[in-house]
Amino acid sequence: MVDRPTIIVGENNTNASKGAQSVLDWSPELGPKMIRGMPLSEALAIARKDVLLLEPDMPLYGRTFGEVLVGLEARCPDVEPDTERAGSYGFGRAYIGIWGLDRLYGDDAHVVRALSNAVSQFDARIGVGENKWLAYVAASASSSGRGLKITGEPGRFLMKLPVELLPVDFKLTTRLHGFGLHTMGDIAALPPGAMQAQFGNDGTLMSDLSNGIDHRPLVARRTEEAVSEYLEFPDATVSMAAILPAIESLLSRAYAHPQLARRYAREAKLEATVLRRPPWTMRVAFKEPAGSRTKALFSIKAKLHDLALPGPIEDIRLTLSGLTGEAGRQESLWMEVRRDQKLQEAVNQLEVRLGTTPPVYQVREVEPWSRIPERRHALVQLSP
Amino acid sequence: MVPNSGTKARASAIKPLNAPTQVTVNTDERGMPSSVSIGGKVNEVVTIEDMWKINDEWWRGPDKEIERVYFHTRLSDGRPVTLFHDLAVDNWFRQ
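These numbers were taken from a predicted model, which means no experiment stands behind them.

1. Some thoughts on the overall build of chain A
Next up, step 1: Summing up its helical and strand segments, chain A has 13 helices and 13 strands in all.
Next up, step 2: For chain A, the proportion of its 384 residues judged to be buried stands at 38%.
Next up, step 3: Considering only contacts in chain A between residues 6 or more positions apart, those separated by 24 or more positions represent 55%.

This is how it looks when you write it as structure tokens:
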């Protein structure tokens, strides 16, 4: 793979071309003509070489990027992963609030060095700007392991940059070229109203960004406690007879973890590497937080029962998250109260599943003394 | 398994219980039910086990007056069925 041009291909998540195969990333030798989100057919036409196509391993990217974020958070508390594009190609992009860090590290150059050291194993590009967009553009223009800071008038910096940097669909970028708008300077020269009239909300966004305007706040991510366990199969398997004991073993190991001692988990995530196929992921949200291997296994089994695996799996990773702070569950002394609570939970569950008030009724006396039979009782909507 | 009716699930506040449904009833010369058509099938009335009359809400006027003659019957297939003759509209109902 070292000397071979490679394209990572994935499904396009934009509304305009949902489901189509598009370019997520590519190796440097394919040159600057490649654009993220470009349809695969166009990318292959540009490449004109013996290109290797790879499916993305999103779970691996997610885990690796998670480790990078933890490394960055050790140096700076305000770290926001770019979740807007995490589903497609946002992995690897994070915004960091560096206000006040000069007292700790010194000037911006020292801060950049400290952050660069946190991700030394990767080709990190760091940009410093007054808002998220300017920081991103500066990072895109900087070189490997270096930082770039935008000072002065942002418009002067942006005016020569290509419109491909704008966070819009590939088809929209093509339309921009059709109108003769090749750089952000071309867009900034137009009144915002004209852009909005032609491209709608995307037009306003492009006009703002081309002028260096970005009002999005930095929202630092909330760190979530999770316990993760991993197991590799001796041979790839599709047999539930092998997979279920493996999950049970992973659950035993997870619940033996000190972090989960006397605590409950709200969600389990299973990730597996599938032989010659993209990785497989499954989430199981427990109806009630699971405090033991048996309860968690019961819910996972129920979900696996209705599911067909995409192929033989080589390994499996279990992550339990949404850990509760409680060390036990409060049971009610009065069984009737507990019964009503259970009924209410069941109704709530149905409401979520049906998307409307569930048609669950109870028989109530209306006019039990009436001589007319249909007036004695009625079905009224259940409200436990 | 119950087939999907295709109608959207919804809940209204109150649903009447034991509401009467109109049926076709053949009567004998005394006006007693002799057979009843339920689900497209005609069933013979074997016995009339009980009979009573309701006359209510007469004070609300002739249009709203409730005047029914009830028959607790047993059909030829052994099913007990309660029928009534609505004298106000001259129709038969099952309840």
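That shown, we press on.
2. Some details on the sheet that holds strand β11 (residues 313-321) of chain A
Residue and element names in this part refer to chain A.
Next up, step 1: With respect to topology, four strands assemble into an open sheet ordered β8-β11-β9-β10, the strand pairing being antiparallel. Of all strands in the sheet, those with a lone pairing partner are β8 (226-237) and β10 (280-290), marking the two edges. Within the sheet, the average angular offset between the axes of one strand and its neighbour, ignoring direction, is 15 degrees.
Next up, step 2: Where helix α12 (residues 293-305) meets the sheet, it contacts β9 (265-274), β10 and β11, and its direction lies at approximately 135 degrees from that of β10.

3. Regarding the environment of R74 of chain B
Residue and element names in this part refer to chain B.
Next up, step 1: By the secondary structure assignment, R74 is in strand β6 (residues 66-75).
Next up, step 2: For R74, a relative accessible area of 30% gives the class partly exposed.
Next up, step 3: Residue contacts for R74: discarding those within four places in its chain leaves E44, V45, V46, T47, E49, R79 and P80.
Next up, step 4: A polar contact of 2.8 Å, which involves the side chain of R74, links it to the backbone oxygen of G78.

4. Topic: the pattern of salt bridges
Residues and elements named next belong to chain A.
Next up, step 1: One pass over the full model with this rule turns up 19 salt bridges over all chains.
Next up, step 2: The residue E271 makes a salt bridge to R63 at a minimum N-O spacing of 3.2 Å. Remark: R63 occurs in helix α2 (residues 58-73) and E271 occurs in strand β9; sequence separation between them is 208 residues.
Next up, step 3: The closest approach of N and O atoms between K269 and E271, which form a salt bridge, is 3.4 Å.
Next up, step 4: Beyond isolated ion pairs, a larger network of salt bridges with shared partners links R63, K269 and E271.

5. Observations concerning the interface of chain A and chain B
Next up, step 1: Residue-level contacts link 16 residues of chain A with 20 residues of chain B.
Next up, step 2: Across the chain A/chain B interface, buried area totals approximately 1,500 Å², and carbon plus sulfur atoms make up 56% of it.
Next up, step 3: Counting the contacts that link chain A with chain B gives two salt bridges.
Next up, step 4: For R375 of chain A, the salt bridge goes to E57 of chain B, with nearest N and O atoms at 2.3 Å.

6. A look at helix α11 (residues 240-255) of chain A
All names here are of chain A.
Next up, step 1: Taking 1.5 Å of rise per residue, 16 residues should cover 22 Å, and α11 covers 22 Å from first to last C-alpha, within 8% of that figure.
Next up, step 2: Those residues of α11 that fall on the buried side of the exposure criterion are I243, A246, I247, L250, L251, A254 and Y255. What you see down the axis of α11 is that its buried residues fit within an arc of 165 degrees, all on one side.
Next up, step 3: Among the structural elements, β8, β9, β10, α12 and β11 are those in contact with the buried residues of α11.
Next up, step 4: Measuring from the side-chain oxygen of the N-cap residue of α11 to the backbone nitrogen of A241 gives 3.1 Å; that N-cap residue is S239.

7. Examining the pairing of β6 of chain B
Residue and element names in this part refer to chain B.
Next up, step 1: When you tally the buried positions in β6, you get seven out of 10 residues, the bulk of the element.
Next up, step 2: In terms of strand pairing, strand β5 (residues 41-56) meets β6 through 10 bridges, oriented antiparallel. Considered in β6, the bridge of D56 is made with I66.
Next up, step 3: In terms of strand pairing, β6 meets strand β7 (residues 80-86) through seven bridges, oriented antiparallel. The residue of β7 that forms the bridge with R68 is D86.
Next up, step 4: Between β6 and the antiparallel strand that follows it, β7, lie four residues; G78 among them carries a positive phi value of about 95 degrees.

The rules behind these values
- Residues numbered from 1 in each chain as written.
- Chains lettered and ligands numbered in written order.
- Predicted model: local features only at pLDDT ≥ 70, side-chain atom pairs only at ≥ 80, totals over all residues.
- Heavy atoms only, no water.
- Helix = DSSP H or I, 4+ residues; strand = E, 2+ residues; numbered from the N terminus.
- Buried < 20%, exposed > 50% of the residue type's maximum accessible area, 1.4 Å probe, protein only.
- Contact = heavy atoms within 4.5 Å.
- Pairing = 2+ DSSP bridges.
- Axes fitted to C-alpha atoms, helices over the stretch in contact; angles between N-to-C directions.
- Polar contact = N/O pair within 3.5 Å; in protein donor to acceptor, adjacent residues only side chain to side chain.
- Salt bridge = Lys/Arg side-chain N within 4 Å of Asp/Glu carboxyl O.
- Buried area = accessible area lost by both parts, 1.4 Å probe.
- Expected span 1.5 Å × (residues − 1).
- Arc of directions from axis to C-beta.

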